[in-house]
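Residues per chain are reported as follows:
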Amino acid sequence: MRKKIVAGNWKMNLSFEEGQQLTSELVNMFKDEAIQDVVVVINPPFPHLYPVQRLVGDTAGVFLGAQNCSDKESGAFTGEVSAKILASFGVSYVILGHSERREYFKEDQTLLATKVNQALAHGLTPIFCCGESLEIRESGTHEETVKAQVTASLFHLSPEEFSKVVIAYEPIWAIGTGKTASAEQAQEMHAALRSHLASKYGQAIAEQTSILYGGSANPGNAKELFGKPDVDGGLIGGASLKSRDFIEIVKSF
């Protein structure tokens, strides 16, 4: 059975005190609600990783994730953080290829393939993001665009390596805009992605790959989104900064 995953991406938000308060609330709510069979990943900015890890501790079902990692193993790369360093801090997941990284930092498919390799080499689970702009969506080439992103950055992996990857579909036109892809649109793209994975790795691996929805999911629409057969959870932005909203999304399964 595929993992059900809800990952919270804090992006570049929250002071130390705010991050500690949010994490404490999330961990306590998660325990109080006795949530089972859902993997929760908290992805704070780098400086929060260690203090968040201390609060998460050994809470079953809750994991620490990073928002990015370097394509380099180590060395004189000021300002970068390697997968090796992240793993040493207890990080389990890492978001790679987020649309903001692609747009603002010009990360291309080749670079992302190398980052994926680094993450896997150090035991991190990549949450690999792919998605299309409004212009591409309206042109009708959205499926081809997203499949090409996956092919270029992931299809060099062996079946064993690929089985450790999580995919997050981001309709870029629905991030931070208040717009949301309909549950039907999300299902259509997720099903197309799963079919594409099957063409490379076979149906068994495609069926076990978790594909998350990375648009503007919230407590009001998460249940419908997560109810679709090929939507296995969400990569949550703004709503992950509010503990009750985030836990309600987790409970939507």
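Here's a quick rundown of the structure. As the structure is a computational prediction, the values presented were derived from the model and not from experiment. (Residues numbered from 1 in each chain as written. Predicted model: local features only at pLDDT ≥ 70, side-chain atom pairs only at ≥ 80, totals over all residues. Heavy atoms only, no water.)

Let us look at the overall build of the chain. Tallying secondary structure elements over the chain gives 12 helices and 8 strands in all. For the chain, whose C-alpha radius of gyration is 17 Å, the value lies close to the compact-globule estimate of 18 Å for 253 residues. Here the C-alpha coordinates of the chain stretch approximately 45 × 45 × 35 Å along the principal axes. Taken across its 253 residues, the chain has 52% of its residues classed as buried. The long-range share in the chain, meaning contacts at least 24 apart out of those at least 6 apart in sequence, stands at 72%. For the chain, the exposed area adds up to about 11,300 Å²; of that, 51% sits on carbon and sulfur atoms. The average position of the 23 basic charges and that of the 30 acidic charges among the side chains of the chain differ by 2 Å. (Helix = DSSP H or I, 4+ residues; strand = E, 2+ residues; numbered from the N terminus. Rg over C-alpha atoms; globule rule 2.2 N^0.38 Å. Buried < 20%, exposed > 50% of the residue type's maximum accessible area, 1.4 Å probe, protein only. Contact = heavy atoms within 4.5 Å. Areas by Shrake-Rupley, 256 points an atom, 1.4 Å probe, with all protein chains shown as cover. Lys, Arg positive; Asp, Glu negative; His and termini not counted. Charge placed at Lys NZ, Arg CZ, Asp CG, Glu CD.)

The next subject is the pattern of salt bridges. This structure, assessed with the given rule, holds 14 salt bridges. Between Arg244 and Glu248 there is a salt bridge, with its nearest N and O atoms 3.0 Å apart. Placement of the pair is Arg244 and Glu248 together in helix α12 (residues 243-250), with a separation of 4 residues, close to one helical turn. Among the salt bridges present, the one from Lys251 reaches Glu248, with a minimum N-O distance of 3.3 Å. Given the relative accessible area of 37%, Lys251 is considered partly exposed. A network of salt bridges, in which partner residues are shared, links Arg2, Arg194, Glu207, Asp230 and Asp232. (Salt bridge = Lys/Arg side-chain N within 4 Å of Asp/Glu carboxyl O.)

With that settled, the discussion passes to the pairing of strand β4 (residues 93-96). Burial along β4 is two-sided: Tyr93 and Ile95 and Val94 and Leu96, pointing in opposite directions, are all buried. For strand β3 (residues 62-66) and β4, the ladder comprises 2 bridges, and the chain directions are parallel. Bridging from a neighbouring strand, Ala66 pairs with Val94 of β4. In terms of handedness, the path from β3 via helix α3 (residues 83-88) over to β4 forms a crossover that is right-handed. (Pairing = 2+ DSSP bridges. Right-handed = clockwise from strand over helix to strand, strands pointing away.)

The final tally for this structure, using the stated rule, is 5 aromatic pairs. A centroid spacing of 5.5 Å and a plane angle of 90° characterise the contact between Phe155 and Tyr201, whose relative ring orientation is edge-to-face. Of the two residues, Phe155 is situated in the loop between α7 (142-154) and α8 (159-162) and Tyr201 in helix α9 (residues 183-201); the sequence distance between them amounts to 46 residues. Residue classification places Phe155 among the buried residues on the basis of a relative accessible area of 12%. On the basis of relative accessible area, Tyr201 is assigned to the buried category, the value being 11%. Their ring planes at 20° and their centres at 4.6 Å tell us that Phe226 and Phe253 sit as a pair that is stacked. Of this pair, Phe226 sits in helix α11 (residues 222-226) while Phe253 sits in the segment after α12, placing them 27 residues apart in sequence. An aromatic cluster is defined as three or more aromatic residues linked by ring pairs; in this entry it consists of Phe155, Phe162 and Tyr201. Residue placement shows Arg101 over the ring face of Phe105; its charged tip is 4.0 Å from the ring centre. (Phe/Tyr/Trp six-rings, centres within 6.5 Å; stacked < 30°, edge-to-face > 60°. Lys NZ or Arg CZ within 6 Å of the ring centre and 35° of its normal.)

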